[in-house]
Amino acid sequence: MLKVSHVTKYYDTLKAVDDLSFEVKDGEIFGLLGVNGAGKTTTFRMIIGLLEPTNGTITLDGVPIDYTVTDKIGFLTEERSLLTKLTVEEQMIYYGTLKGMSKNDILKELDYWLDRFHIKEYKKRKIKELSKGNQQKIQFISAIIHKPKLLILDEPFTGLDPINVELFMDVMREFKKQGSSIIFSSHRMEHVEMFCEKLVILVKGKSVLEGSLKEIKKEYRKKNIHIIGDVDIDAIKKLDGVVEVLTFANEFIVKIENDSIMENVFAIVKKGKNISEFRVEDPSLNEIFLSKVGEVYEG
Ligand code: ATP
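Residues numbered from 1 in each chain as written. Predicted model: local features only at pLDDT ≥ 70, side-chain atom pairs only at ≥ 80, totals over all residues. Heavy atoms only, no water.

**Let's talk about the sheet that holds strand S3 (residues 29-34)**
Strand pairing in a sheet is mediated by backbone hydrogen bonds. Such pairs are either parallel or antiparallel.
Then comes step 1: Spatially, six strands are ordered S6-S7-S8-S3-S9-S10 in an open sheet, and the strand pairing comes out mixed. Each edge of the sheet is formed by a strand with only one pairing partner; in this case those strands are strand S6 (73-76) and strand S10 (206-212). Adjacent strand axes in the sheet meet at a mean angle of 15° when their direction is disregarded.
Then comes step 2: Of the pairings in the sheet, the one linking strand S7 (residues 150-154) to strand S8 (residues 181-185) comprises five bridges and is parallel in character. Bridge pairing in S8 places Leu-150 opposite Ser-181.
Then comes step 3: Docked against the sheet, helix H1 (residues 40-47) engages S3, S7, S8 and strand S9 (198-203), running at close to 150° with respect to S7.
Then comes step 4: Across the face of the sheet, helix H5 (residues 162-177) comes into contact with S3, S7 and S8 while running at roughly 145° to S8. (Pairing = 2+ DSSP bridges. Helix = DSSP H or I, 4+ residues; strand = E, 2+ residues; numbered from the N terminus. Axes fitted to C-alpha atoms, helices over the stretch in contact; angles between N-to-C directions. Contact = heavy atoms within 4.5 Å.)

**What to know about the packing of aromatic side chains**
Then comes step 1: Counted according to the given criterion, the structure contains 11 aromatic pairs.
Then comes step 2: Through successive ring pairs, a cluster of aromatic residues spans Tyr-112, Trp-113, Phe-117, Phe-140 and Phe-168. (Phe/Tyr/Trp six-rings, centres within 6.5 Å; stacked < 30°, edge-to-face > 60°.)

**Side note on the pattern of salt bridges**
Then comes step 1: In this structure the tally under the stated criterion is 23 salt bridges.
Then comes step 2: As a salt-bridge pair, Lys-217 and Glu-193 come within 2.3 Å of each other at their nearest N and O atoms. Of the two residues, Lys-217 sits in helix H7 (residues 213-219) while Glu-193 sits in helix H6 (residues 189-195), which places them 24 residues apart along the sequence.
Then comes step 3: Given the relative accessible area of 27%, Glu-193 is considered partly exposed.
Then comes step 4: Lys-223 serves as the salt-bridge partner of Asp-282, at 3.1 Å between the closest nitrogen and oxygen. (Salt bridge = Lys/Arg side-chain N within 4 Å of Asp/Glu carboxyl O. Buried < 20%, exposed > 50% of the residue type's maximum accessible area, 1.4 Å probe, protein only.)

**Let's talk about H5**
Then comes step 1: Look at H5: 22 Å from first C-alpha to last across 16 residues, which is about the 22 Å you get at 1.5 Å a residue.
Then comes step 2: Along H5, the positions that sit buried rather than exposed are Asn-164, Val-165, Leu-167, Phe-168, Met-169, Val-171, Met-172 and Phe-175.
Then comes step 3: Elements that come into contact with the buried residues of H5 comprise S3, helix H3 (103-116), helix H4 (132-144), S7, S8 and H6.
Then comes step 4: Two or three places before Ile-163, at the opening of H5, Asp-161 has a side-chain oxygen 3.1 Å from that residue's backbone nitrogen.
Then comes step 5: Positive backbone phi, approximately 100°, marks Gly-179, located one or two places after H5. (Expected span 1.5 Å × (residues − 1). Polar contact = N/O pair within 3.5 Å; in protein donor to acceptor, adjacent residues only side chain to side chain.)

**Some details on the packing of helix H2 (residues 88-98) against H3**
Then comes step 1: One way to put it is that H2 packs onto H3 with a least axis distance of 10 Å and a crossing angle of 125°. Taken together, H2 and H3 sit at an angle that is classed as oblique. Crossing of H2 against H3: the hand is right-handed. Each of Val-88, Glu-89, Met-92, Ile-93, Gly-96 and Thr-97 in H2 lies in contact with H3, whose residues at this interface are Lys-103, Ile-106, Leu-107, Leu-110 and Leu-114.
Then comes step 2: Residues of the contact of H2 with H3, tallied by class, amount to seven nonpolar, two polar and two charged. (Parallel < 35°, antiparallel > 145°, perpendicular 65-115°, else oblique. Left-handed = near helix turned anticlockwise from the far one by under 90°. Nonpolar A, V, L, I, M, F, W, Y, C, P; charged D, E, K, R; others polar.)

**Comments concerning the domain arrangement of the chain**
Then comes step 1: You can read the domains of the chain as domain 1 (2-217) and domain 2 (221-281).
Then comes step 2: Here the C-alpha centroids of domain 1 and domain 2 sit 42 Å apart. (Domains from an automatic or database assignment.)

**What to know about H1**
Then comes step 1: Burial within H1 is extensive, with seven of its eight residues counted as buried.
Then comes step 2: Residues of H1 that are buried include every one of Lys-40, Thr-41, Thr-42, Thr-43, Phe-44, Met-46 and Ile-47, and no others.
Then comes step 3: Following H1 by one or two positions, Gly-49 has its phi on the positive side, about 85°.

Written as structure tokens, this is what we have:
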């Protein structure tokens, strides 16, 4: 289990991370979210031991993270750190050896992953000759080749097409099944929503929302009602607690302040005609993110 406890990081006088605490249990996928400059990369750098926290502690299975546990950790950093003049194979032997693997094991694992990522033909090619997406795959393989207990992925999906995003996610799910803790950052809320159970949203280094995705959605009582049919939409707009009504070709989306207003909307919809849909949905993580981040910036 990864445990981040009351961690603060200053760069001179700038507080980049502010009293941050969270845990990622074995077999959990955890999302670290935030706008540009929120403190995600700084947090990752502290977790992998590249930066010292100004205050607070970070442990993996109860042990502070330093060079003695680095072979348990795999990471994909934001500034991609490939040695581009080397071939794929040379690069992987270099990284694998650093993580304590034998050359035989490295080559066996490498063949497996290159095949899995459909890039077998690049094994003897220089990294700089590969496309960006394929370089990303090589970087990902170097993060997982030693089957780490803790996998840290800073923006792993940037620059990938949807098929390869799915491929990466499958591998992450497999590591989860095998009991690894995975922590990743992304600006794409739909990626986070697809497969991450717990998350923290950072604004200016501080957590503004933390917990399981399910709980976060439950507690955030705003809902979206989708209506298709002829309804008195002006009457709905006038109801207390209706925040916004979006009108599409044949559909209305009514955003309500909390679920107690649903009945009042339904009472009006019942009087309408040709109603083919009345569906209540939780807001997307993107909406929750924008609202939480907005609150802090505005208030
Ligand atoms: P992004 O999504 O843009 O990558 P981030 O959430 O990863 O952003 P960080 O890179 O951790 O954010 O930056 C957090 C804050 O710390 C920012 O205000 C940034 O300007 C500042 N910062 C980051 N690295 C340094 C550094 N080496 N020296 C001084 N300030 C830094």
